[in-house]
Amino acid sequence: GRLAAECHPSQLVTLVLSDVLGDPLDLIASGPTVPDSSTWKDAWDIVQQYQMEDRLPATVVEMLQEGVRGGLAASPSPE
């Protein structure tokens, strides 16, 4: 995640205690020190799936759309 990126080039150690089924590291506490497999499009697809565009603050909708267009950096990914 972004915390790990900010710590570069220092060595970082993450201790994880989890009650999340399957222990997917990118989901535990939002994975601040591990790569994130989700994308801006994933988030926008959920907004559209549940028809939330009109129920979210305009700033959130604008940010998601900007991310989908490539105008905002994505979280570090596993690739």
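For the structure itself, look to the data block above.
Residues numbered from 1 in each chain as written. Predicted model: local features only at pLDDT ≥ 70, side-chain atom pairs only at ≥ 80, totals over all residues. Heavy atoms only, no water.

A. Fine view of the overall build of the protein chain. Broken down by element type, the protein chain carries three helices and zero strands. N-terminal to C-terminal, the α/β element order of the protein chain is α-α-α. Over its C-alpha trace the protein chain gives a radius of gyration of 15 Å, far above what one expects of a compact globule, namely 12 Å for 79 residues. If one aligns the C-alpha atoms of the protein chain with their principal axes, the spans along those axes are about 40 × 30 × 20 Å. Classification of the 79 residues of the protein chain by burial places 15% in the buried group. Within the protein chain, contacts between residues at least 6 apart in sequence are counted, and of these 54% link residues at least 24 apart. For the protein chain, the accessible area works out to roughly 6200 Å², and carbon and sulfur atoms hold 57% of it. Separation of charge centres in the protein chain, based on 4 positive and 12 negative side chains, amounts to 7 Å. (Helix = DSSP H or I, 4+ residues; strand = E, 2+ residues; numbered from the N terminus. Rg over C-alpha atoms; globule rule 2.2 N^0.38 Å. Buried < 20%, exposed > 50% of the residue type's maximum accessible area, 1.4 Å probe, protein only. Contact = heavy atoms within 4.5 Å. Areas by Shrake-Rupley, 256 points an atom, 1.4 Å probe, with all protein chains shown as cover. Lys, Arg positive; Asp, Glu negative; His and termini not counted. Charge placed at Lys NZ, Arg CZ, Asp CG, Glu CD.)

B. Representation of the pattern of salt bridges within the structure. With the rule as written, the count across this model stands at two salt bridges. Here D45 ties to K41 by a salt bridge, and the two come within 3.0 Å at their closest N and O atoms. One end of the pair, D45, and the other, K41, are both in helix α2 (residues 40-49), four residues apart, so they sit about a helical turn from each other. Among the residues examined, D45 registers a relative accessible area of 30% and is labelled partly exposed. K41 sits in the partly exposed class, given a relative accessible area of 48%. (Salt bridge = Lys/Arg side-chain N within 4 Å of Asp/Glu carboxyl O.)

C. View of unusual backbone geometry. Geometrically, the link from H8 to P9 is a cis peptide bond, its omega value of 10° lying close to zero. Tracing the sequence through the fold places P9 in the loop between α1 (2-7) and α2. At Q51, a residue that is not glycine, the phi angle is positive and equals roughly 50°. Along the chain, the position of Q51 falls in the loop between α2 and α3 (58-69).

D. The nonpolar core, seen in detail. W40, W44, V47, V61 and L64 together form the largest nonpolar core, which totals five residues. For this core, the secondary-structure elements that each account for two or more residues are α2 and α3. The greatest single-element share of this core, amounting to three residues, is contributed by α2. (Core = buried A, V, L, I, M, F, W, Y, C linked by side-chain atoms within 4.5 Å.)

E. Geometry of the environment of L56. For L56, the location among the structural elements is in the loop between α2 and α3. When residues no more than four places from it in sequence are discounted, the contact partners of L56 are V47 and V61.

F. Region of interest: α3. Given a rise of 1.5 Å per residue, 12 residues ought to cover 16 Å, and the 16 Å separating the end C-alpha atoms of α3 matches this to within 8%. Check the buried side of α3 and you find it contacts α2. Positive phi shows up at G70, right after α3, with a value of about 95°. (Expected span 1.5 Å × (residues − 1).)

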